[in-house]
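For reference, the chains in residue letters:
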Amino acid sequence: DGGITQSPKYLFRKEGQNVTLSCEQNLNHDAMYWYRQDPGQGLRLIYYSQIVNDFQKGDIAEGYSVSREKKESFPLTVTSAQKNPTAFYLCASRSGQTNTGELFFGEGSRLTVL
Amino acid sequence: DAKTTQPPSMDCAEGRAANLPCNHSTISGNEYVYWYRQIHSQGPQYIIHGLKNNETNEMASLIITEDRKSSTLILPHATLRDTAVYYCIVRGGPNYGQNFVFGPGTRLSVLP
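What counts and what doesn't
Residues numbered from 1 in each chain as written. Chains lettered and ligands numbered in written order. Predicted model: local features only at pLDDT ≥ 70, side-chain atom pairs only at ≥ 80, totals over all residues. Heavy atoms only, no water. Disulfide = S-S within 2.5 Å. Helix = DSSP H or I, 4+ residues; strand = E, 2+ residues; numbered from the N terminus. Buried < 20%, exposed > 50% of the residue type's maximum accessible area, 1.4 Å probe, protein only. Pairing = 2+ DSSP bridges. Phe/Tyr/Trp six-rings, centres within 6.5 Å; stacked < 30°, edge-to-face > 60°. Lys NZ or Arg CZ within 6 Å of the ring centre and 35° of its normal. Axes fitted to C-alpha atoms, helices over the stretch in contact; angles between N-to-C directions.

Draft legend 1. View of the state of the cysteines. With the rule as written, the count across this model stands at two disulfides over all chains. Residue pairing for Cys23(A): its cysteine sulfur links by disulfide to Cys91(A), the two sulfurs lying 1.9 Å apart. Judged by the torsion about the S-S bond (-75 degrees), the Cys23(A)/Cys91(A) disulfide is left-handed. Of the two residues, Cys23(A) is situated in strand S3 (residues 19-25) and Cys91(A) in strand S9 (residues 87-94); the sequence distance between them amounts to 68 residues. When its relative accessible area of 0% is taken as the criterion, Cys91(A) is described as buried. The disulfide partner of Cys22(B) is Cys88(B), and the S-S distance across this bridge is 2.1 Å. Here the S-S torsion is close to -85 degrees, and the disulfide linking Cys22(B) with Cys88(B) is therefore left-handed. Of the two residues, Cys22(B) is situated in strand S2 (residues 18-23) and Cys88(B) in strand S8 (residues 84-92); the sequence distance between them amounts to 66 residues. Exposure remark for Cys22(B): the relative accessible area of 3% places this residue in the buried category. On the basis of relative accessible area, Cys88(B) is assigned to the buried category, the value being 1%.

This is the structure we're talking about:
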């Protein structure tokens, strides 16, 4: 079935370590997104990519990095520069070809820094 | 910043209609209203969207006022599985460059 796969679902990290969250989609979507969600809050945009080999900063990009070498993949690295990385991370994609353009989300990755 | 205002929480009895309001008084002519919902610890799920006409699909109905300054999402027969946070989002049309901005949403509790 088509969809978005995020891994790992749960991740624990020590302070000072970088960690990479995986996001893969087989929907043939051009655009991909990373959001962060804190308890009781809405989603905040970290980075997005409209096309391969191109990406843009969102509202809270500091302390994060991404790459978009393949259409299917948009990994997010949470670096040690991110001061408060414990959060729920959501990856999404959308097609520019449909007449709805809605976002499709993965199931999320929950990162806890110990 | 989110362009919408929603009540933080609502309750609804199982089997009854759930009517979730959204205020978007600054909406511009080319902006659509989208609704998503998020069940606890899952990714948000698309529900419906519209421009100015009322819309209905297998999940819900969307009623947009004539002046487009507010809308209501209707779940006609709420079930316990509809308990979730519901997000109302205003955004330019499907091929616009605007990103989706998710505010805190409305936490709907469907009660048995």
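Draft legend 2. Geometry of the sheet that holds strand S6 (residues 61-64) of chain B. Strand order in the open sheet formed by four strands is S2-S7-S6-S5 (chain B), with antiparallel pairing between adjacent strands. Sheet topology places S2 and strand S5 (55-56) of chain B at the edges, where each strand pairs with a single neighbour.

Draft legend 3. Representation of the packing of aromatic side chains within the structure. Tallied over the full model, the rule gives 14 aromatic pairs over all chains. Ring centres of Tyr34(B) and Phe100(B) lie 5.0 Å apart, and the angle between their planes is 80 degrees; this geometry places the pair in the edge-to-face category. Highlighted residues: Tyr34(B) in strand S3 (residues 31-38) and Phe100(B) in the loop between S8 and strand S9 (106-111), separated in sequence by 66 residues. Across the pair, Phe100(B) and Tyr34(B) agree in class, each one buried. Cluster of aromatic residues (ring-pair linked, three or more members): Tyr33(A), Tyr35(A), Tyr48(A), Phe105(A), Tyr32(B), Tyr34(B), Tyr36(B), Tyr46(B), Tyr87(B), Phe100(B) and Phe102(B). In this structure, Arg68(A) is placed above the aromatic ring of Phe74(A), and the distance from its NZ or CZ to the ring centre is 6.0 Å. The ring of Phe88(A) carries the charged tip of Arg110(A) above its face, separated from the ring centre by 4.5 Å.

Draft legend 4. Examining the sheet that holds S3(B) more closely. Residue and element names in this part refer to chain B. Pairing within the open sheet is mixed, and its five strands lie in the order S1-S9-S8-S3-S4. The open sheet has two edge strands with one neighbour each: strand S1 (9-13) and strand S4 (45-50). Direction aside, the axes of adjacent strands within the sheet are offset by 25 degrees on average. Relative to S4, S3 runs antiparallel, the two sharing five bridges. Bridge pairing in S4 links Arg37 to Gln45.

All we've got here are geometric facts, nothing functional implied.
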